[in-house]
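A structural walkthrough
Each chain, letter by letter, is given below.
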Amino acid sequence: MQSAKNAAPVVSAALQALVYGGTGAYGLYHSLFNVEGGHRAIVYNRFVGVKDKVYSEGTHFIVPWVERPYIYDVRARAHQVNSQSGSRDLQMVNISIRVLTRPDTSRLPEVYKTLGMDFNERVLPSVIHETVKSVVAQHNASELITKRQEVSLAIRRLLQERASQFNMVLDDVSLTALTFGREYTAAIESKQVAQQEAERAKFVVERAKQEKLSAVIQAEGEAKSAKLIGEAIANNPAFLTLRKIEAARAIAQTMANSSNRVMLSADSLLLNLQDNDKDGKK
C-alpha cells in the first residue's frame, strides 16, 4: 500500500509532463511556417485581419490558432488566351495571346483582399478579351498583318495598364497566332488568283507587242537589204558574181565536210561565171 501511494505522484507528474510537452511541441510546430524560393507570404490575424507585412523566403513565427499564413507563388507564369474580335472593316479575327504574369509582391495584402488566391483566373481572361477587342477594332484586317508589331505593342501597353490596376505585373505579351474568318481567307485567295491572272495577261500582251515589233524590224531590215542589193547589182554587175562565188564556197565547204562523195557540175556550184560574162557582153 505504501509503495502504491509513493508511485501515484510519479505517474501524475509524468502524465503532466507528457501533456505539457505535447502541447508545447504542438504549439511550437504550428508557430512556424516556411516560405520556399520564388514565393511570398502574408499572414491573416483573427483580431486585426490581414497584416500589411509581406514575408520573404525562410522560416517565420506566427501565433498559433490566432494567425494563419497564405503563401503566394510570385514567379512569372505563362497563360494562353484565345480571343475572337472584329476589325474596323468588320472582319472576324481569331487571336491567340501568350502572357507572362505575376503578382506585385509589395501589394500582396491588397491582392488577397480584392482577388484572393486565384487572382489570375479572376482577372486575366476578361482583361485580355477586352483589350484585344479594343485594339483590333482600330485596325483593318490587312493592317493587322502588315502592322503586326505595332498591334502587339499596343495590346501589351494596354494590358500592362489594366493589369497594374489589379496589382499584377505583366513581364511579356506576344501574339502567337492570328487567323481570319473563312470568308475573308477565301476572298484573299480569290484576289491573289485574280492578280496572278492579270499579271499573266499583261505578260502575254507585252510579249505579243515585242513579237510584233521584232517582225516589223525584221521586215524593214529585209526590205532595206533587198534595196541595197538591187542598187549594188544595178551599179556594179560584178556584185552578183561575187555573191555567186560566196555561195559556191559555202556549198563546197558543206560538201567537203560530208562523208559522202558527190560530183557536181560548175552550174550546180554556181560557178558558171564565164557564161554570165558572155551574157553580160551580149
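Residues numbered from 1 in each chain as written. Predicted model: local features only at pLDDT ≥ 70, side-chain atom pairs only at ≥ 80, totals over all residues. Heavy atoms only, no water.

Convention followed: UniProt positions are given in the numbering used here, feature names are shortened, and annotations may be inferred rather than shown by experiment.
As annotated in an unreviewed UniProt entry, the protein chain carries the name Prohibitin and comes from Ostreococcus tauri. What UniProt states about the protein chain under its Subcellular location (unreviewed entry) heading is, verbatim, "Mitochondrion inner membrane". Of the comments in the UniProt record for the protein chain, the one headed Subunit (unreviewed entry) reads "Component of a prohibitin multimeric complex in mitochondrial membranes."

**Observations regarding the packing of helix α3 (residues 119-136) against helix α5 (residues 148-164)**
Counted only if it meets this: To define axes, lines are fitted to C-alpha atoms, for helices over the stretch in contact only, and angles between the resulting N-to-C directions are given on a 0 to 180 degree scale. Strands are runs of DSSP state E lasting at least 2 residues, helices are runs of H or I lasting at least 4, and numbering of each runs from the N terminus. Angles below 35 degrees are treated as roughly parallel, those above 145 as roughly antiparallel, those between 65 and 115 as roughly perpendicular, and all remaining angles as oblique. Handedness of each helix crossing follows the sense of rotation of the near helix against the far helix: counterclockwise by less than a right angle gives left-handed, clockwise gives right-handed. Whether two residues are in contact is decided by their heavy atoms: any pair within 4.5 Å suffices. For this classification, the nonpolar set comprises Ala, Val, Leu, Ile, Met, Phe, Trp, Tyr, Cys and Pro, the charged set comprises Asp, Glu, Lys and Arg, and every other residue, Gly included, is treated as polar.
Two numbers describe how α3 lies on α5: the axes approach to 9 Å, and their chain directions differ by 140°. With respect to α5, the element α3 is oriented oblique. Helix-helix and strand crossings are classified by hand; for α3 and α5 the assignment is right-handed. In this structure, α3 uses V127, I128, E130, T131, V132 and V135 to contact α5, whose residues at the interface are V151, A154, I155, L158, L159 and R162. Its residues assigned to classes, the contact of α3 with α5 shows nine nonpolar, one polar and two charged.

**Observations regarding the pattern of salt bridges**
In plain terms, the rule: Salt bridges are defined by distance alone: a side-chain nitrogen of Lys or Arg within 4 Å of a carboxyl oxygen of Asp or Glu.
Throughout the structure, instances matching the rule amount to seven salt bridges. The shortest N-O distance in the salt bridge between E57 and R40 comes to 3.7 Å. A residue pair is termed long-range when its members are at least 10 positions apart, and E57 in the loop between β3 (49-50) and β4 (58-61) and R40 in strand β2 (residues 39-45) qualify at 17 residues. Of the charged contacts, one joins R88 and E143 as a salt bridge, the two residues approaching to 3.8 Å between their closest N and O atoms. Of this pair, R88 sits in the loop between β6 (77-86) and β7 (92-103) while E143 sits in helix α4 (residues 141-146), and the two are 55 residues apart along the sequence.

**Overview of the side chain of S85**
In plain terms, the rule: Under the scheme applied here, a residue whose accessible area is under 20% of the maximum for its type counts as buried, over 50% as exposed, and between as partly exposed, the area being computed with a 1.4 Å probe on protein chains only.
Position of S85 among the secondary structure elements: in strand β6. Under the relative-accessibility criterion, S85 is labelled buried at 2%. With residues near it in sequence (within four places) discarded, S85 still touches Q91, M92, V93, V132, K133 and V136.

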